[in-house]
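# Residue-level structural notes
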Amino acid sequence: MSILVIAEHDNQHIKSATLNAVTAAKQIGGDIDIVVLGGDCAAAAAEAAKIDGVARVRVIDAAHYKDQLAENAAIILAQMAGTYTHVLVAATAFGKNLGPRVAALLDVAQVSDIVAVKSPDTFVRPIYAGNALATVQSSDPVKLVTVRTAAFDAAPTGGGSAVVENAPQGPDLGVSKLVSRELAVSARPELGNARVVVSGGRALGSADAFHAVVEPLADKLGAAIGASRAAVDAGYVPNDAQVGQTGKAVAPELYIAIGISGAIQHLAGMTESKVIVAINKDPDAPIFQVANYGLVGDLFELVPQLTASL
Amino acid sequence: MKILVPVKRVVDFNVKVRVKADGTGVDLANVKMAMNPFDEIAVEEAVRLREGGLASEVIAVSCGVTAAQDTLRTAMAVGADRAVLVETDAELQPLAVAKLLRAVAEREGVQLVVLGKQAIDDDANQTGQMLSALLGWPQATFASKVVVGDNKVTVTREIDGGLETIELSLPAVVTVDLRLNEPRFASLPNIMKAKKKPLDTLKAEELGVDVAPRLKTLSVAEPPKRAGGVILANVAELVSRLRDEAKVI
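Read on for a plain summary of the structure. Note that the structure is predicted; figures quoted are calculated from it, not measured.

## Overview of the sheet that holds strand β15 (residues 275-280) of chain A
The strand order across the open sheet formed by six strands is β13(A)-β12(A)-β14(A)-β15(A)-β16(A)-β13(B), and the pairing between neighbours is parallel. The open sheet has two free edges, formed respectively by β13 (224-227) of chain A together with β13 (230-232) of chain B, since each of these has just one partner strand. Mean inter-strand twist for the sheet, computed between neighbouring axes without regard to direction, equals 20°. Pairing analysis gives four bridges linking β15 of chain A to strand β16 (residues 293-296) of chain A, with the strands arranged parallel. Residue Ala 278 of chain A lies in a different strand from β16 of chain A, and its bridge partner there is Gly 294 of chain A. Against the sheet, helix α5 (residues 207-221) of chain A makes contact with β12 (196-200), β13 and β14 (254-258) of chain A, and its axis sits at roughly 175° relative to β12 of chain A, the strand it touches most. Sitting on the sheet, helix α6 (residues 235-245) of chain B touches β14, β15 and β16 of chain A together with β13 of chain B, and the angle it makes with β16 of chain A is about 170°.

## What to know about the pairing of strand β6 (residues 116-119) of chain A
The side chains of a regular strand alternate between both faces of the sheet. Residue and element names in this part refer to chain A. Bridging between β6 and strand β7 (residues 122-127) involves three bridges; their strand directions are antiparallel. Paired with Ser 119 across the bridge in β7 is Thr 122. The hairpin turn running from β6 into β7, its antiparallel successor, is two residues long.

## With respect to the interface of chain A and chain B
When the parts come together, some accessible area is lost, and that loss is often what is quoted as the size of the interface. Facing 81 residues of chain A, the contacting portion of chain B comprises 75 residues. For chain A, the biggest contributors to the area lost against chain B are Arg 101, Tyr 128 and Tyr 293 of chain A; these three give 11% of the whole. One can count seven salt bridges joining chain A with chain B. One salt bridge in this structure joins Lys 248 of chain A and Asp 160 of chain B, with 3.3 Å as the shortest N-O distance. Where chain A packs against chain B, one counts 51 residue pairs in polar contact (both at pLDDT 80 or more). Grouping the constituent residues of the side of chain A that touches chain B by class yields 39 nonpolar, 24 polar and 18 charged. Here strand β8 (residues 132-138) of chain A pairs with strand β12 (residues 215-221) of chain B via six bridges, running antiparallel.

Reading the values: rules and limits
- Residues numbered from 1 in each chain as written.
- Chains lettered and ligands numbered in written order.
- Predicted model: local features only at pLDDT ≥ 70, side-chain atom pairs only at ≥ 80, totals over all residues.
- Heavy atoms only, no water.
- Pairing = 2+ DSSP bridges.
- Helix = DSSP H or I, 4+ residues; strand = E, 2+ residues; numbered from the N terminus.
- Axes fitted to C-alpha atoms, helices over the stretch in contact; angles between N-to-C directions.
- Contact = heavy atoms within 4.5 Å.
- Buried area = accessible area lost by both parts, 1.4 Å probe.
- Salt bridge = Lys/Arg side-chain N within 4 Å of Asp/Glu carboxyl O.
- Polar contact = N/O pair within 3.5 Å; in protein donor to acceptor, adjacent residues only side chain to side chain.
- Nonpolar A, V, L, I, M, F, W, Y, C, P; charged D, E, K, R; others polar.

Have a look at this one:
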């Protein structure tokens, strides 16, 4: 077996989601190569070489890959992928965008968002917002798999010494270009791999209240901030904070849900958390059915109390 | 410019599905079905583009069983001009759907395909990207803003860490995210009018596409249930439990 992991990076650093995909690759077993496709991405490639268990880092470095748009990326990755038994990428916005495009060019199915590896051709993935787990087997010559990061630990890094080598470039199709990126700069841990997540819901009532109530608690705990869809739709927090079926799936050691009722679409993204705390004024809220510890009452009183007592 | 809007008939988003006792799938007997919510947003966006004079026609398409006609009528009730059903009783996986949609897109000569980023049944999030690859067109996934210009489309996408705006040359494929728009409700007169709009039916075989599934579902199981927790009296008790019992703070 030979596995190609597509690295997610910003040309400087490897994103941690890549490490989760490498762990899934190790569970499949076989030689693991990483492809770093970008523009002026030598720094990211050098970082990839340090990941434990990686044999080779294959670098596709050209100006037309700098922004890593799917069209140019998929065509060369599909060409490279043909010699592997598996191609893995994290099921992040990057991987979700790119994976199926590569799969279609290879004329193979994609196995999306796996949460477990049963064997080299058999994987477990959630369907129906996580209300069912399907075990699926792929008969395709190349198995293209996206990996739910919350379901696999990050591979250790620092001890690896993979060979770094350049790989052939593909054409610049010239059909898409980046206009701008507005990325939030935050000192908080990333939502996808934080040890603690504090999430807020519609009950907070306003963006100001969200900041005033949720953020101090998150600061105290060194936590990432999450949100329900309702809170995101209402504009309390940016879209990438959304936890759930169509947002991020998280599995921190501690998840604190504040003013979140617990729609199935939200539960889909957080029930794998180790310990769940729910704070809600409605004792019948579905969130209490998945919470280890619940507090029923006014979040505007309880959360500041909690923050003060930590 | 013609816009193609693929729509999928799925279990209504309010239904909590049950896994069948024999582990072969989920129980869909007598379950309420509806249009995939992301596809509703796609239909709305396409209709707004036509209303804004940026598109000449909105064609809804669905692949699947005869009952998917209902989903197409719903799309026409909110403004799609006509519909195409690619009828088959076969199990359709995203790659097969993408191949069927490519055939329809080529037959209809569309310049833009707008569809939901994922379906809430299989949660695959693949079809738009695959269709785009098969057509050799550029793609913009997870759109929260779509601006059609002269022979191009500019799309703002929801990505990890924020937003990204990209410009694609047309023809192109756009998959939509939750915050692109608020879909309208179909009014009763429009539901009646939709019954008279043209709905063509094609057989999947007529399109010359091999729809054989590539993935075999070996079993479907309930996820492990979380043990019920406890309601605590106050914050002090919560803090002590988190410290001494759960040991997470």
